[in-house]
Amino acid sequence: MTTAQAIETTKRYARSVQASKRVRWDIDADVIRERKLDPAYKFLPDGLSLVDELPFLTKDEKRSMSQVQGRTYANLFGLVERFINAKVLEVSRDHWFGDQTALEALVRFSDEELKHQELFRRVEQLAAEAMPLGYQLMAEPNAVAAVVLGKSTWAVLALTCHIEIFTLVHYRKSIEADAGLSELWKDVFLHHWREESQHVLLDELEWRREDAKLSASERDAAVGDFIELVGAVDGILQVQARADAAYFIAIAGRTFSEAQREAIAAAVLKAYRWQYIVSGVQEGRFLGLLTELITPAQAERITGALAPLLS
Ligand SMILES: [Fe+2]
Ligand SMILES: [Fe+2]
């Protein structure tokens, strides 16, 4: 890195620290404010829940579907933040005796992810109060973290960058504009989005820094790790989609035909793949950086692995 590039990099970390200080919020004082989740409103917007793909559902059932998926949406963020935070703390080691602004930026990143996990645990408690019994989050955060953190840092940072970019995209494109959502649920993701905006900048910086350390063969192996991670995410989604479809059917209070039950399960899985895999991969910001770091042959490997999930 040239001196000019190093100065520019430090400036980026500094901007992230300043923005983090400016937007910082408190779970109770700024977000929850003694409110409850009101089951009269939707949680997840239609553009993410894809609820319109189930035309046989009544208006009330569509709202219930949005709440089931919105509950999982908050829980899965809390889940991925466990491994994201551990990886951020790990890569911060490189800055301990180096750029202290970079270190501060990553310490704030970690502190925010710890707070977000607490926020999402609170959202789960509020969702449990507002919704019937029987919901279950199937994956366990530490078990997922053990699998993810067993892969190369390059691949974990790629997955993290992907997740944090789609967080921003979902808020801006779908959540912000939907007037039919629970005010509290929407506020949770407004505040989350504000802090995640800095995380994306830091993901990009750290991913590039890690990339510069790798040989061509190490990077090629890391691409394989990234493909395996996306596959692991899909495994989590398949299990959760089955559980959430069953929960939705159980609380609907009416009988669905076999074909309708299958359509519900398929639509929930499609929605989860859209939310956690496809909408992020399709986003220009992520693809732009990814294709800059990998070869066309590696890009083809990734596209080939993703193809079955896009159908
Ligand atoms: Fe977060
Ligand atoms: Fe984050």
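All residue numbers refer to positions counted from 1 along the written sequence of the respective chain. Labels are handed out in written order, letters beginning with A for the chains and numbers beginning with 1 for the ligands. Local features in this predicted model are restricted to residues of pLDDT 70 or higher, and side-chain atom pairs are both shown and tallied only at a pLDDT of 80 or more, whereas totals for entire chains, interfaces and linings draw on every residue. Excluding hydrogens and water, the side-chain figures rest on all heavy atoms present in the structure.

Caption draft 1: Just the overall build of the protein, in detail. Regarding its fold elements, the protein presents 12 helices and 0 strands. Numbering of helices and strands runs from the N terminus, with a helix taken as a DSSP run of H or I at least four residues long and a strand as a DSSP run of E at least two residues long. Beginning at the N terminus, the succession of helices and strands in the protein can be written as α-α-α-α-α-α-α-α-α-α-α-α. At 20 Å, the protein has a C-alpha radius of gyration in line with the 19 Å of a compact globule built from 311 residues. Seen through its C-alpha atoms, the protein measures out along the principal axes to roughly 65 × 45 × 30 Å. Exposure classes here rest on a 1.4 Å probe applied to the protein chains alone. A residue is buried below 20% of its type maximum, exposed above 50%, and partly exposed in between. Within the protein, the proportion of its 311 residues that are buried is 52%. With an accessible surface of roughly 13800 Å², the protein has 56% of that area assigned to carbon and sulfur atoms. Using C-alpha atoms as the atom set, the radius of gyration is obtained and then compared with a globule rule of 2.2 Å times the number of residues to the power 0.38. Only the protein chains shown count as cover for residues, and all accessible areas are computed by the Shrake-Rupley method using a 1.4 Å probe.

Caption draft 2: Representation of the coordination of the iron ion (ligand 1) in the model. With water omitted from the atoms examined, metal sites may look incomplete; donors here are N, O and S atoms no farther than 2.8 Å from the metal, or 3.2 Å in the case of Na, K and Ca. Distances from the iron ion (ligand 1) to its protein donors, Glu81 (OE), Glu113 (OE), His116 (ND1), His192 (NE2) and Glu196 (OE), fall within 1.9 to 2.3 Å. Sequence positions of the residues that donate to the iron ion (ligand 1) give the spacing E-x31-E-x2-H-x75-H-x3-E. Between the iron ion (ligand 1) and the iron ion (ligand 2) the interatomic distance amounts to 3.4 Å, and glutamate 113 serves as a bridging ligand to the pair. Of this pair, histidine 116 sits in helix α5 (residues 100-130) while glutamate 196 sits in helix α8 (residues 183-213); the two residues are 80 residues apart in sequence, bridging distant segments of the chain. Glutamate 196 matches histidine 116 in its accessibility class, with the two residues each being buried.

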